[in-house]
Every structure is written in structure tokens, then in C-alpha cells.
Amino acid sequence: GNANPDGYTLVQAGNAAAISASLLKKPPYDVMKDFTQISTLGLFQMGIIVTPESGFNSLADLLAFARKNPGKLNIGTINVGSTQYLASELFKFTAKIEAQTVPFKSNTLLLASLRGNELRVAFELIGPVLGQIRGGTIKALAVGSNKRFSGLPDVPTFTEAGLAGFEDVYSWTGISAPARTPAPILDRLAREVAKAAALPEVRQSLQELGIEARASTPEETRKRMAADIARWGKVIEQASRRVLHGEKVP
């Protein structure tokens, strides 16, 4: 944030910065005050995935099981505080189900537990499992964006799968600049990002990594960051109350 606001010093920032704003007691910087947002670059699609042996052929199947068997459903994710972990917590609050979020130290361990049938359900980024989903060894029940992922057009959104209110749940990255960077510089940089994101070869390359190319204006990006800070802050607070004080999901 102390760098020259001349448009030559940029920082990559996205929802991880929004999460840190609430997760850390004393963040080393204020992402909204020390930086100014320029554009999103891409959305890392996320979804709820299951094994073929799980018996869950749809999100409705999974929710029916969870509601019939409170506390019996385990949902795997990577580390506590990750977007995947918080997405699982938000899912439980939104669906009003009692389930256990089980964090793993790495994506490798999480997927090994799925392949070994020690775990039936997980929240994970689509990129690392895209090949397995297409190959049928893992099934995606729903994706968290508010539109279907173009790389998996047959997989519904959570809303389409029957869970209203669970939208815009993904990991994303973007670029920011030091605060006080002049608006004309921000707008020029955002336009250049938009040009690159519109190139078919860029979109196709990112799609194969489970990423949806997405550019936005500085104002749209600022609103996205502010909205995520508020949303994830609320999820972190709710999850902390549940873990520390044993409160039930509302």
C-alpha cells in the first residue's frame, strides 16, 4: 500500500484477501483502504463433489440424507479458513442442515480419501478434479457460481439443483493497485484486462483449468471485494460460535 500510485506497481488480490480481513485479528493491511481494486481476472469454479459409491445422484439426494440423519454427513475440504472450508460452512447454514466439515491438510489428502471411499462428499475447486468428473470417477452435484460452468455444462448451479440462496460461491483472483492511483490509470488497466479476458484462446485455456475468465470494472471489483468481506466475515463468525460455543445451525 506504500508503493507509488502510478499504475506500475500492482498486486494480485481476490477472495483470499476478503477472508483474511475477517480471519486475522490484526491484518497487516486494510484491503479496502490501502488498495484500490482494478479488475477481476478469473473465477475458480467450486462445487460439491461425491463419489459414485456415495449413493448421492443429485443435490436433493444429499440434502435428504443430511436432514434425515443430522450430524451424520461428513463434508471434506482443505484447511480451516480456506474458501472451500467456508463454502461448506455457508452451505450448511443456507441448507439448514447439521453436518461435519472435515478439513484436510492438502488437496492430495482430500482426494485420496475420496478415492479410498473414506469420504463420500467434498467441497473442492473444479480445476483439480475436472478430468475425474469428465471421466466419471467423481460426480459434481452442483457448482457455486450463479451460471453453469462452461467447462461442465451439464452440472447445475446450486439454485438449479434446488438450494436457493447459495450463489456466487467461488474463489476468485484480481488485480489491485495502491490507494490513490488515479482513476484514468485504473480504467485503462481494467480495459486491457477485459480485452485479454475476451480472447477465445485465453478463455479456453483457463476453462481447462476450471477457471472462468472474468474481467470487471474498478467499481464492480470494489463492490465484489466489499461484498465478500461482509459475507465471509459473517460465515466466520457463525462458524466460530458453532465450534466454540456449540451453537446449532439456525
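Quick caveat: nothing in here was measured; it's all calculated off a predicted structure.

(A) Inspection of the overall build of the chain at higher detail. Tallying secondary structure elements over the chain gives 8 helices and 9 strands in all. A globule of 250 residues ought to have a C-alpha radius of gyration of about 18 Å, and the chain, at 19 Å, matches this closely. When the 250 residues of the chain are sorted by exposure, 47% land in the buried category. Long-range pairs, those at least 24 residues apart, make up 76% of the contacts in the chain between residues at least 6 apart in sequence. Carbon together with sulfur atoms contributes 54% to the accessible area of the chain, which is approximately 12,200 Å² in total. The averaged location of the 23 negative side-chain charges in the chain is 5 Å from the averaged location of its 29 positive side-chain charges.

(B) View of the environment of V102. In this structure, V102 sits in strand β5 (residues 100–103). Remark: the alpha-carbon pair of V102 and I75, spanning 27 residues in sequence, is separated by 5.8 Å. For V102, the residues in contact, after removing those within four places along its chain, are N74, I75, G76 and T77.

(C) The arrangement of the nonpolar core in detail. Formed by 32 residues in total, the largest nonpolar core has its most connected members in I48, L62, F91, F123 and F158. Put simply, the parts of the chain that give this core at least two residues each are β3 (46–50), α2 (59–68), α3 (83–95), β6 (121–125), β7 (139–143) and α8 (218–245). If we ignore the near neighbours within four places in the chain, the residues touching L62 are I48, V50, F56, L73, F91, V121 and L141.

(D) Broad picture of the sheet that holds strand β9 (residues 211–213). Pairing in this open sheet of 4 strands is antiparallel, and the strands run β1-β8-β2-β9 from one edge to the other. Each having just a single partner strand, β1 (11–14) and β9 make up the two edges of the open sheet. For this sheet the average axis-to-axis angle between neighbouring strands, irrespective of direction, equals 40 degrees. Inspection of the sheet shows β1 paired to strand β8 (residues 171–178) by 4 bridges, in the antiparallel sense. Within β8, the position partnered with V11 by the bridge is S176. Helix α6 (residues 183–197) rests against β2 (35–44), β8 and β9 of the sheet, and its axis sits at about 10 degrees to β2.

(E) Fine view of α3. Over its 13 residues, α3 runs 18 Å from end to end, which matches the ideal 18 Å to within 8%, given 1.5 Å per residue. Most of α3 sits out of view: 12 of its 13 residues are buried. For α3, the full list of buried residues reads T83, Q84, Y85, L86, A87, S88, E89, L90, F91, K92, F93 and A95.

(F) Geometry of the sheet that holds β3. Pairing is mixed across the open sheet formed by 5 strands, whose spatial order is β5-β4-β6-β3-β7. Each having just a single partner strand, β5 and β7 make up the two edges of the open sheet. If you compare each strand with its neighbour and ignore which way they point, the axes differ by 30 degrees on average. Pairing of β3 with β6, which is carried by 5 bridges, proceeds in the antiparallel orientation. Across the sheet, residue I49 finds its bridge partner in β6, namely A122. Taken strand by strand, α2 contacts β3, β6 and β7, and its axis lies near 70 degrees from that of β3.

(G) Highlighting the pairing of strand β4 (residues 74–77). Bridge analysis of β4 against β5 gives 4 bridges, and the strand direction is parallel. When the bridges of β5 are listed, T77 appears paired with P103. Where the polypeptide runs from β4 across α3 and back to β5, its parallel neighbour, the crossover connection is right-handed. Here β4 runs beside β6; their pairing, made up of 2 bridges, is parallel. Across the sheet, G76 pairs through a bridge with A122, a residue of β6.

Conventions used here
Residues numbered from 1 in each chain as written. Predicted model: local features only at pLDDT ≥ 70, side-chain atom pairs only at ≥ 80, totals over all residues. Heavy atoms only, no water. Helix = DSSP H or I, 4+ residues; strand = E, 2+ residues; numbered from the N terminus. Rg over C-alpha atoms; globule rule 2.2 N^0.38 Å. Buried < 20%, exposed > 50% of the residue type's maximum accessible area, 1.4 Å probe, protein only. Contact = heavy atoms within 4.5 Å. Areas by Shrake-Rupley, 256 points an atom, 1.4 Å probe, with all protein chains shown as cover. Lys, Arg positive; Asp, Glu negative; His and termini not counted. Charge placed at Lys NZ, Arg CZ, Asp CG, Glu CD. Core = buried A, V, L, I, M, F, W, Y, C linked by side-chain atoms within 4.5 Å. Pairing = 2+ DSSP bridges. Axes fitted to C-alpha atoms, helices over the stretch in contact; angles between N-to-C directions. Expected span 1.5 Å × (residues − 1). Right-handed = clockwise from strand over helix to strand, strands pointing away.

From the geometry alone we can't say anything about function, so treat these as descriptive.
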